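Structural overview
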Amino acid sequence: NLYEMALLGFLVAATAAPVPAPAPTLVCKTTVQVDDSSFTIELRPDWAPAGVERVLGMAKSGFFEQLPFFRMLPNFLVQFGISTSAEKQRHWQSQGNIRDDPRPAGVPFTDGILSFAGYGTDSRSTHLFITLGSQPGLGHRQWEVPVGRVVSGMPVVRAIYSGYGDAPDQ
């Protein structure tokens, strides 16, 4: 039931600036009733240029508006990236998957890391997840590349409804 799921809406707060440019950020407004119901993600093009380009394109196009979190596993991750709008989902699927970014050295999957979900070489599309706690088992496959990190609002992320677990009725 989508009404029980937390909904996500992104506001893009990236501006052009002289070099060095600040990292682009996304302010994520949710329906989670914790604090101000929002969290902020700092995107890191130095970690994953192709991944950040895709996330920014999706945010600017409105893909993340009214987007449900469809998978939440406490102490592991929360996942999103399936639009309730068939038109939006078809558009981004028609863009194809993005190539894998090289893994940045020294960037472990700690609490609040944002990454695309994948299943094989160059398989990243629209599914993203945020880690909950340190995840040393992630980051070893070529598609497991951090694209950013939550810099504020982790209590909101942790409070996302977890009743559907790993097998939501989609």
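An account of the accompanying structure is given in this report.

**Things to note about the overall build of the chain**
Scanning the chain from N- to C-terminus turns up three helices and eight strands. Its helices and strands in sequence order give the chain the pattern β-β-β-α-β-β-α-β-β-β-α, from N to C terminus. Long-range contacts, defined as pairs at least 24 residues apart, comprise 64% of the intrachain contacts of the chain with a sequence gap of at least 6. Accessible area for the chain stands at about 8400 Å²; split by element, carbon and sulfur atoms hold 52% of it.

**Considering the side chain of serine 83**
With respect to the element layout, serine 83 can be found in the loop between β5 (77-80) and α2 (86-94). Here serine 85 takes part through its backbone nitrogen, which lies 3.0 Å from a polar atom of the side chain of serine 83.

**Looking at the packing of aromatic side chains**
Each aromatic ring pair is summarised here by two numbers: the centre-to-centre distance and the angle between the ring planes. Using the criterion set out here, one finds four aromatic pairs in the structure. When the ring of phenylalanine 63 is compared with that of phenylalanine 64, the centres are 5.6 Å apart and the planes differ by 85 degrees; the resulting orientation is edge-to-face. Each member of the pair phenylalanine 63 and phenylalanine 64 is classed as buried. Centre to centre, the rings of phenylalanine 64 and phenylalanine 80 are 6.2 Å apart; their planes meet at 70 degrees, and the pair counts as edge-to-face. With phenylalanine 64 in the loop between α1 (49-60) and β4 (67-73) and phenylalanine 80 in strand β5, this residue pair connects regions lying 16 residues apart in the sequence.

**Describing the pairing of strand β6 (residues 113-116)**
What you see with β6 is no split at all: Ile113 and Ser115 on one side and Leu114 and Phe116 on the other are buried throughout. Note: β6 against strand β8 (residues 146-152), three bridges, orientation antiparallel. Bridging across to β8, isoleucine 113 finds its partner in arginine 149. Inspection of the sheet shows β6 paired to strand β7 (residues 128-131) by three bridges, in the antiparallel sense. Of the residues in β7, the one forming a bridge with serine 115 is phenylalanine 129.

**Re the nonpolar core**
Judged by nonpolar contacts, the single largest core of 41 residues is most densely connected at Phe39, Ile41, Phe64 and Ile130. The dominant element in this core, judged by the number of residues it contributes, is α1, at five residues.

**Quick notes on α1**
Look at α1: 16 Å from first C-alpha to last across 12 residues, which is about the 16 Å you get at 1.5 Å a residue. If you check which residues of α1 are buried, you get Ala50, Gly51, Val52, Arg54, Val55, Leu56, Met58 and Ala59. Glycine 62 sits one or two positions beyond α1 and adopts a positive phi of about 90 degrees.

**A few points about the pattern of salt bridges**
A side chain with one charge can pair with a side chain of the opposite charge if their charged atoms come near. Here the structure, examined in full by the defined rule, presents eight salt bridges. The partner of arginine 44 in a salt bridge is glutamate 42, and the shortest N-O contact between them spans 4.0 Å. Across the pair glutamate 42 and arginine 149 runs a salt bridge whose closest N-O atoms are separated by 3.0 Å. One end of the pair, glutamate 42, is in strand β3 (residues 38-43); the other, arginine 149, is in strand β8, and 107 residues separate them in sequence. Residues joined in a network through salt bridges with shared partners are Glu42, Arg44, Asp46 and Arg149.

**A word on the side chain of aspartate 100**
Locating aspartate 100 in the fold gives a position in the loop between α2 and β6. Within polar-contact distance, the side chain of aspartate 100 engages the side chain of glutamine 142 at 3.5 Å. Leave out the neighbours within four places in its chain, and aspartate 100 touches Gly120, Thr121, Asp122, Ser123, Arg124, Gln142 and Trp143.

**Some thoughts on unusual backbone geometry**
Backbone phi values are negative for most residues with the exception of glycine, while trans is the configuration of most peptide bonds. The phi torsion at serine 37 lies on the positive side, around 65 degrees, for a residue other than glycine. What makes serine 37 buried here is its relative accessible area of 13%. In the Ramachandran plot, aspartate 122 falls in the positive-phi region, its phi being about 50 degrees despite a non-glycine side chain. Along the chain, the position of aspartate 122 falls in the loop between β6 and β7. Among the residues examined, aspartate 122 registers a relative accessible area of 34% and is labelled partly exposed.

About the cut-offs
Residues numbered from 1 in each chain as written. Predicted model: local features only at pLDDT ≥ 70, side-chain atom pairs only at ≥ 80, totals over all residues. Heavy atoms only, no water. Helix = DSSP H or I, 4+ residues; strand = E, 2+ residues; numbered from the N terminus. Contact = heavy atoms within 4.5 Å. Areas by Shrake-Rupley, 256 points an atom, 1.4 Å probe, with all protein chains shown as cover. Polar contact = N/O pair within 3.5 Å; in protein donor to acceptor, adjacent residues only side chain to side chain. Phe/Tyr/Trp six-rings, centres within 6.5 Å; stacked < 30°, edge-to-face > 60°. Buried < 20%, exposed > 50% of the residue type's maximum accessible area, 1.4 Å probe, protein only. Pairing = 2+ DSSP bridges. Core = buried A, V, L, I, M, F, W, Y, C linked by side-chain atoms within 4.5 Å. Expected span 1.5 Å × (residues − 1). Salt bridge = Lys/Arg side-chain N within 4 Å of Asp/Glu carboxyl O.

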